[in-house]
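# Descriptive structure summary
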Amino acid sequence: MLKLMIVVPCYNEQQVLRETTARLTAMLDRVIAAKRVDVARILYVDDGSRDHTWDLITELSNTFACVEGLKLAHNVGHQQALWAGLEYAATHADAIVSIDADLQDDVEAIPQMIEHYHQGIDVVFGVRRERKKDTFFKRHTAQAFYRLMQAMGGQVVYNHADYRLMSRRALQALMTFPERNLFLRGMVASLGFPTAIVLYDRHERFAGESKYPLRKMLGFAIDGITSFSVRPLQCITYLGLLFIVIALAAIVYGLLSYAEGKAIPGWTSLLVSVWFIGGAILLACGIIGEYVGKIYKEVKRRPRYFIEQTTKLK
Ligand code: UDP
Ligand code: MG
């Protein structure tokens, strides 16, 4: 007996939801007919959309028995919205699959994920094969991000976003994480249950535009690193040590030049070092500030989201 729930965060996705529902239900009908899944449901989490997303979800929920909706009171961002859906699914399904609304992730990878689940795997990561469909810019910034994450000691699966299957036990483990700064792909990778990978081709967005502009992407990258690793803080310490060594060398050099009588009043080097050190100090303060900001957010323990409305959820 397998009760599957597909969790889909949606922010201003009125252009894609009909097609998403059509493709997901077609795929689910097939796995149900093949007896790989017994009950399947789709949970749309409306992340405070400003268009007609919620009306559409209500309509779809009336038309399709398997479609349900959860409307958050305001926009809390992709990660928190997904969490809202997962929190509900953790008590209502044996396994969940999280997928974006825009059909960029190939729904045909889901049957393969389910096969892994039947073999006792708790977490199946959807990993995209190549990024040919992404813009040059997105492809390279994303790759740089994965490298940086790895260098900083964060746990990430290369080219895996938030398209994955999780068993109830993995999901319930995830739900015990109390932090408010969510970087789900890193948190899931750190759970430690048996994992597997399913490769798929990433398509272009079916319709509408990306809800992740550069500003959000940068914020997400910084969140990813600072919520997983204290290595940036260690780097500051090493940088400080390096500067002390450079300063000592400069003193020795200065004294030697003086002794040789060729100390020139060079303001250039002075100017350069003032700027350099100023920059380094600001950067160091900024990194520390990131962590302090995180601690501030965590200690407030604010609720993650509010549910405004639901369709047929019990
Ligand atoms: N999304 C969300 N809240 C937000 C931004 C995005 O729930 O504040 C959802 C969005 O509807 C989509 C998924 O997160 O289902 C990924 O967003 P998008 O496809 O725009 O990101 P990209 O693929 O461009 O990185
Ligand atoms: Mg997308």
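Residues numbered from 1 in each chain as written. Chains lettered and ligands numbered in written order. Predicted model: local features only at pLDDT ≥ 70, side-chain atom pairs only at ≥ 80, totals over all residues. Heavy atoms only, no water.

## Quick word on helix α8 (residues 214-226)
- With 13 residues, α8 ought to run about 18 Å at 1.5 Å a step, and its terminal C-alpha atoms sit 18 Å apart, in line with that.
- Turning to α8, its buried residues are Phe220, Ala221, Gly224, Ile225 and Thr226. (Helix = DSSP H or I, 4+ residues; strand = E, 2+ residues; numbered from the N terminus. Expected span 1.5 Å × (residues − 1). Buried < 20%, exposed > 50% of the residue type's maximum accessible area, 1.4 Å probe, protein only.)

## Comments concerning the site of ligand 1
- Surveying the vicinity of ligand 1 reveals 19 residues, the closest of which are Glu13, Asp47, Asp102, Ser210 and Lys211.
- Between ligand 1 and His78, the relevant distance is 3.4 Å, taken from a nitrogen atom to a main-chain nitrogen or oxygen of the residue.
- Within the side chain of Gln104, a nitrogen or oxygen atom sits 2.8 Å from an oxygen atom of ligand 1.
- Contact with the protein chains hides 95% of the accessible area of ligand 1, taken as 530 Å² for the molecule alone.
- Considering only residue class, the shell around ligand 1 consists of five nonpolar, five polar and nine charged. (Near = heavy atom within 4 Å. Polar contact = N/O pair within 3.5 Å; in protein donor to acceptor, adjacent residues only side chain to side chain. Areas by Shrake-Rupley, 256 points an atom, 1.4 Å probe, with all protein chains shown as cover. Nonpolar A, V, L, I, M, F, W, Y, C, P; charged D, E, K, R; others polar.)

## As for the packing of helix α5 (residues 136-151) against α8
- Taken N-terminus to C-terminus, the directions of α5 and α8 make an angle of 10 degrees; their axes are 10 Å apart at the nearest point. The pairing of α5 with α8 is recorded here as roughly parallel in orientation. Crossing handedness for the pair α5 and α8: right-handed. Contacts between α5 and α8 involve Phe137, Lys138, Thr141, Phe145, Leu148 and Met149 from the first element and Leu214, Met217, Ala221, Gly224 and Ile225 from the second.
- Of the residues that constitute the contact of α5 with α8, the class distribution is eight nonpolar, two polar and one charged. (Axes fitted to C-alpha atoms, helices over the stretch in contact; angles between N-to-C directions. Parallel < 35°, antiparallel > 145°, perpendicular 65-115°, else oblique. Left-handed = near helix turned anticlockwise from the far one by under 90°. Contact = heavy atoms within 4.5 Å.)

## Section: the coordination of the magnesium ion (ligand 2)
- Protein coordination at the magnesium ion (ligand 2): the donors are Asp102 (OD) and Gln104 (OE1), at 1.8 to 1.9 Å from the metal.
- Residue classification places Asp102 among the buried positions, given a relative accessible area of 4%.
- You can call Gln104 buried: its relative accessible area is 12%. (Donors = N, O, S within 2.8 Å, 3.2 Å for Na, K, Ca; no water.)

## Digging into unusual backbone geometry
- Phi at Asn12 is positive, roughly 50 degrees, even though this residue is not glycine.
- Secondary-structure assignment places Asn12 in the loop between β1 (3-10) and α1 (17-33).
- We note that Leu103 has phi near 65 degrees; this positive angle belongs to a residue other than glycine.
- Of note, Leu103 is situated in the loop between β4 (95-98) and α4 (109-118).

## Let's talk about the sheet that holds strand β8 (residues 307-311)
- An order of β7-β5-β6-β4-β1-β2-β3-β8 is seen for the eight strands of this open sheet, with the pairing classed as mixed. Strands at the two margins of the open sheet, each flanked by one partner only, are β7 (195-200) and β8. Neighbour to neighbour, the strand axes of the sheet diverge by 20 degrees on average, direction disregarded.
- Looking at chain direction, strand β3 (residues 67-72) and β8 are connected through four bridges and run antiparallel. Bridge assignment links Leu72 to a residue of β8, and that residue is Ile307.
- In the packing of α1 onto the sheet, the strands contacted are β1, β2 (39-46) and β3, and the crossing angle to β2 comes to about 160 degrees. (Pairing = 2+ DSSP bridges.)

## Some details on the packing of aromatic side chains
- Evaluation of the coordinates by the stated rule reveals five aromatic pairs.
- Where Phe145 meets Phe183, the ring centres are 6.2 Å apart and the plane angle is 85 degrees; that geometry is what we call edge-to-face. One end of the pair, Phe145, is in helix α5; the other, Phe183, is in the loop between α6 (168-174) and α7 (184-189), and 38 residues separate them in sequence. For the pair shown, Phe145 and Phe183 are each scored as buried.
- Measuring from ring centre to ring centre gives 5.1 Å for Phe183 and Phe220, while their planes differ by 55 degrees; the resulting arrangement is tilted. (Phe/Tyr/Trp six-rings, centres within 6.5 Å; stacked < 30°, edge-to-face > 60°.)

## Description of the environment of Gly85
- Residue placement: Gly85 occurs in helix α3 (residues 78-89).
- Residues in contact with Gly85, not counting those within four places in the same chain, are Val7, Leu43, Val45 and Leu70.

## Section: the side chain of Ser98
- Examined against the element boundaries, Ser98 turns out to sit in strand β4.
- Within the structure, the side chain of Ser98 is placed 2.8 Å from the backbone oxygen of Asp162, a separation counted as a polar contact.
- Not counting residues within four places of it along the chain, the set of residues in contact with Ser98 comprises Val7, Leu82, Asp162, Tyr163 and Arg164.

## Side note on the pattern of salt bridges
- Scanning all chains against the criterion turns up 15 salt bridges.
- Residue Arg205 pairs with Glu13 through a salt bridge whose shortest N-O separation is 3.0 Å. Here Arg205, found in the loop between β7 and α8, pairs with Glu13, found in the loop between β1 and α1; they are 192 residues apart in sequence, far enough to count as distant.
- Judged by its relative accessible area of 6%, Glu13 is buried.
- Ionic pairing is found between Arg202 and Asp105, a salt bridge with its closest N-O pair at 2.7 Å. Taken as a pair, Arg202 in the loop between β7 and α8 and Asp105 in the loop between β4 and α4 lie far apart in primary sequence, 97 residues in all.
- Residue classification places Arg202 among the buried positions, given a relative accessible area of 11%. (Salt bridge = Lys/Arg side-chain N within 4 Å of Asp/Glu carboxyl O.)

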